[in-house]
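# Understanding the architecture of this molecule
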Amino acid sequence: MEADLTGLRYRDYIVDSAEGSLNGNDDILGLDRLNLRRNQNELNVRGRYLLPAEVSKFSSQPAELDVVLNAPEAGDFWVANSPNRIRGPLQLAGQLQWKQQIANGQMWVFGSNLRMRDLVFRQLSSQCAISNNVIYLNDCSATLNDTDFINAAGRLNLQRPYHYSGKVSASVANLSALQPLLRAAGNQNELAGSVTLNWEGEGQGVTASQPSSSKSTVAQAVAPWENSGKLNFALQKGRYGNLQSVQANVDASYSPDGLDVPIIFFATGNMDFHAIARTKDDTLEIDKIQLNQAGVSQPREAARTGAPGERASPAEPTNYAYGYVSVPFVWKNLGTNAPVIPSSGKVSAIVQSENLDLKRLFDDLGVKPAMSGIVNARLNADGTVADLNARLDVQAIDLRNEQWPKMEPATFELTAQATQNRLTASGKLQQARIQPAELNASMPFDLPRIIRARKIPDDTPITAKARIPRTSVNFVRQFAPELEQLDGNLGLDVDVSGTLGHPILSGAGDMTVNVARFTNATLPALRNFNARLVFAQNALSLDRFAGDLAGGPFRMTGRVTFPKLTEPTLDLQLKAESVLVARNDTLTARADADLKIAGPFATATVTGNVAMTNSQILKNIDLIPIGLPGRPAPQPPSARPEISVTTPPLRDWKFDVAIKTKDPVLVRGNLATGGATGDLKLTGTGLHPQLQGLVQMQNVEATLPFSRLQVTNGLLTFDPSDPMNPRINLQGTSVIRDYTVRVYVYGTVDSPEAVFTSEPPLAQEEIISLIATGATRQELSTGNVLAGRAAMLLVQQLYRKIVKKGEPTQSNTAYNRLDLDLGTVDPRTGQQQATVRFKIDDHFVLSGDVGVRGDFRGRLKYLIRFR
């Protein structure tokens, strides 16, 4: 079989030609050649394979493979603008022989000045040999510059139990050199600091196993953990995003006898954490746990070795957390069927935190503080895994959130206790403006079972109760300062029983809002809102959920079911009549709605209809900004608005909503009047919404200072691929003096195009001048016509601002049919004159001329238009 392909492209990869030849002779399958070429780059592959008599013996058949790559410029294999393009010379050669399930061969790779984005590898090389199923990695190195490098060497046996040995060392003096790798992965965080890594180890990839002499066919005798090695990691002056002045040090060793980590050190500018860890007598001990703030304290081991560097600060550190943890951990059982954490193992833990400042902790970790306050906590545990006796007490005081500056400080208390295989917890949230909210819960706590399942089983029984005594809803104003007035109350009393997988709910919650007004008068007021939520079995039902939004009633019905306590499923119906959805100086929008929300809370689907009604757009535009002389001209928007929700759950919700106009949306302004009707479909997801359909103009008349444009056909076509850039199809006609002008606008909102025609014919530039000023360019170049036009425009602006203030443009008024020209030249006398024209109807025009000497001439014209 012969193959010859040209001009290949797959995603960002390009190949000029691909040639191949495959042959079969008896049971020998030969790949004579496979050549890929791109400019001067060439990849050659050859091989042979002996077909098996039985398919099950496919992997045991002899095979040979040769690969050669010669790429003077590897970047040619990618398109020019590919972000993953690797540029520079690269060479590779390899031979592999597989016979009697034994591999032999060799391979080498070499590249120099390889560049990916801004990351440059001065040299990349690797050489390995394969002999009797053992891979010998003699050299593998990557050099960035004179000081930054990564080296590795080792060996690996390809047969079970995969014995290995190796060394890895790396040193990067400035981590910012690796910044392009983060950018390639879409991570925009800043990276800096210096890091060193050294690892050396040997052992086996999996533990050996053999059949046991026991009668049980399941039991197996397993070999113990057979790995040993050393690891040292150090980071100095590190930075990642907002996390700065980072130092870290880990010094560890492991062997078949156990794990020893004498140094675990992590620090930022104002915080440090250190501990030691080791396995001892089938236990894992984490000792000398310390968290310090407002200073840095070196652990004794670090001070002795000097590993973390000279970080001592003049300020004395304050110890905010300390403790000791010991849990059963059989090190030698790693990788075997024997339990690593035996049920009979003893547990001992004492961890305590005193006056821990949450805001400072978040700041030190480079994370935006979600909450500020002071936390005190204590954990005590003893007993065994099967019979654990533990207690956790947490108290958080002066809790605040920077997003809600008016929020009164809150206090939260939590107590959790595990004893006799049962876990109980109780919590209380207190704040000055609300009644205390309480939560109590109890459930079996079979820790060995949880460890085996690696989760809390769904059939775990649970008993819980949540209660909020009736309290005023006015406390919500501290979280929403834009609320000017809020009057009402709420209460909640809910019991939970059953299991985690099949919870049973009972109880009710209700809320009443008499009135809610916002400081922003454009936002609709909420009145007579009344809600009652009933909990029964595994569902939350909306017994009542209705109110009035700026004169428009709405109501929601349905329920939320809980197949699992953590996975609610929605089945809700929302109906509304003429509710106010938007209101400002330009827009008033009301809508009827009939929407259904169904499906899992994380991926619900919204379907139904929305009908716009009693809506209007009122927009006045100042052609001459006489209200505020000297103000800057309005700037175009810097970017196109995006309709996308990036936060869950709305991000993953799916939409199938029809949006129509029950009656036309009225367009009113000083430059245009008319209406608009729409028939749109909203689909897609919250992250990628798609809008499809038409918006059609009706009876639209655009008014310019010296002309009027009657829109005979106006369409906006929305395409799902680019919903914020609809296509335009607009046709209009304007009669200006003795000319009939037709305008055709097409293209998209972002890139519109316009074509102008006229009868009698005029050039495009003359038509634009006629529409804008009521005169051709030739007429504007004579006398004081331009000054007269500006004066006329000023009079119109003053008239609309003083006499017709706040009123939309009206069609066919006497004022709009009056036209005044100053400074035109009388062709009979060559003198300047003033001309007044009054359009009686589409055929009769009354005009009068007054010369500079006071002579007057009046005319009555009858227009006959030929098509």
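Residues numbered from 1 in each chain as written. Predicted model: local features only at pLDDT ≥ 70, side-chain atom pairs only at ≥ 80, totals over all residues. Heavy atoms only, no water.

### Quick look at the overall build of the chain
Rule in force here: Helical segments are the DSSP runs of H or I of at least four residues, strand segments are the runs of E of at least two, and each set is numbered from the N terminus. Think of it in three bands: with a 1.4 Å probe and only protein chains considered, a residue is buried below 20% of the maximum accessible area for its type, exposed above 50%, and partly exposed in between. Working rule for contacts: check all heavy atoms of both residues, and any pair within 4.5 Å makes them a contact. A 1.4 Å probe and the Shrake-Rupley method give the accessible areas. Residues count as covered only by the protein chains that appear here.
What the chain contains, in helices and strands, is 7 helices and 48 strands. Buried positions account for 33% of the 867 residues belonging to the chain. Here the analysis covers contacts within the chain between residues at least 6 apart in sequence; of these, 44% occur between residues at least 24 apart. For the chain, the computed accessible surface area is about 49,100 Å², with 56% contributed by carbon and sulfur atoms.

### Points about the environment of D4
Here D4 is to be found in strand β1 (residues 2–10). Sequence-distant contacts of D4, defined by excluding residues within four places in its chain, comprise A18 and E19.

### With respect to a nonpolar patch on the surface
Rule in force here: Candidates for patches are residues over 30% relative accessible area with no salt bridge; among them, like charges are joined within 9 Å and nonpolar side chains (Val, Leu, Ile, Met, Phe, Trp, Tyr) within 5 Å. Should a side-chain nitrogen of Lys or Arg be within 4 Å of a carboxyl oxygen of Asp or Glu, the pair is scored as a salt bridge.
Taken together, I840, F844, L846, L860, Y862 and I864 make up a surface patch of nonpolar side chains, about 590 Å² in accessible area. Mapped by element, the contributors of at least two residues to the nonpolar patch are β47 (844–851) and β48 (856–862). Along the chain, the position of I840 falls in the loop between β46 (832–839) and β47. With a relative accessible area of 40%, I840 lands in the partly exposed category.

### Details of the pairing of strand β12 (residues 163–172)
The cut-off we apply is this: Two strands qualify as a pair provided DSSP detects at least 2 bridges between them.
Summarising the sheet, strand β11 (residues 149–157) and β12 pair through 8 bridges and their orientation is antiparallel. Of the residues in β12, the one forming a bridge with F149 is S171. Where β11 folds back on β12, the antiparallel hairpin that results is connected by 5 residues, among which Y162 adopts a positive phi of roughly 60°. Here β12 pairs with strand β13 (residues 191–204) via 10 bridges, running antiparallel. Note that in β13 the partner of V172 across the bridge is V195.

### A closer look at the pattern of salt bridges
Applying the stated criterion across every chain, the model contains 25 salt bridges. Close ionic contact of R651 with D652 constitutes a salt bridge, the shortest N to O distance being 3.2 Å. Residues R857 and D849 are paired through a salt bridge, measuring 3.2 Å at the closest nitrogen-oxygen approach. Each member of the salt-bridge network shares a partner with another, and the members are E19, R37 and E42.

### Focus: the side chain of N41
Convention followed: The definition of a polar contact used here is a pair of N or O atoms within 3.5 Å, where within protein one atom must be able to donate a hydrogen and the other to accept one, and adjacent residues in sequence count solely through side-chain atom pairs.
Examined against the element boundaries, N41 turns out to sit in strand β4 (residues 41–50). Residue N41 is classed as buried on the basis of its relative accessible area, which comes to 1%. Here E73 takes part through its backbone oxygen, which lies 2.5 Å from a polar atom of the side chain of N41. Look past the residues within four positions of N41 in its chain and what remains in contact with it is L36, N70, A71, P72, E73, A74, D76 and F77.

### A word on the confidence of the model for the chain
Detailed reading of the predicted coordinates is not advisable wherever pLDDT falls low. Short version of the rule: Confidence of the prediction at every residue is given by pLDDT, a number between 0 and 100.
On average, the chain scores 83 in pLDDT, and the residues at 70 or more come to 85%. Within the chain, the lowest mean pLDDT, 37, falls on helix α2 (residues 300–305), and the highest, 95, falls on strand β5 (residues 63–71). In this model, residues 208–222 is a region of pLDDT below 50 whose contacts with residues beyond four sequence positions or in other chains number 12 contacts. In this model, residues 622–630 is a region of pLDDT below 50 whose contacts with residues beyond four sequence positions or in other chains number 15 contacts.

### Considerations on the packing of aromatic side chains
The criterion, for reference: Any two of the Phe, Tyr and Trp rings considered here, Trp counted by its six-membered ring, make a pair once their centres fall within 6.5 Å; the pair's planes then place it as stacked at under 30 degrees, edge-to-face at over 60, or tilted in between.
In this structure the tally under the stated criterion is 8 aromatic pairs. Each ring, one from F601 and one from W653, has its centre 6.5 Å from the other, and the planes form 85°; the classification is edge-to-face. With F601 in the loop between β35 (587–600) and β36 (605–619) and W653 in the loop between β36 and β37 (654–661), this residue pair connects regions lying 52 residues apart in the sequence. Owing to a relative accessible area of 38%, F601 belongs among the partly exposed residues under this scheme. Both rings, one in Y744 and one in Y746, keep their centres 5.4 Å apart while their planes meet at 25°; by these two values the pair is stacked. Members of the aromatic cluster, joined through ring pairs, are F529, F545 and F554.

### What about helix α5 (residues 764–773)?
Among all positions in α5, only E766, I767, S769, L770, I771 and T773 are buried. Once α5 ends, the next one or two residues include G774, with phi positive near 80°.

### Some words on unusual backbone geometry
Between R160 and the following residue, P161, the backbone shows a cis peptide bond with an omega angle of 10°. Here P161 shows up in the loop between β11 and β12. Cis peptide bonds are those with omega within 30 degrees of zero, and the linkage from E759 to P760 qualifies with -5°. Unlike most non-glycine residues, D281 shows phi in positive territory, near 50°. In this structure, D281 sits in the loop between β19 (271–279) and β20 (283–293). For S578, which is not glycine, the phi torsion reads 50° and is therefore positive. Relative to the helices and strands, S578 is located in strand β34 (residues 567–583). Look at S578 and you get buried, because its relative accessible area is 17%.

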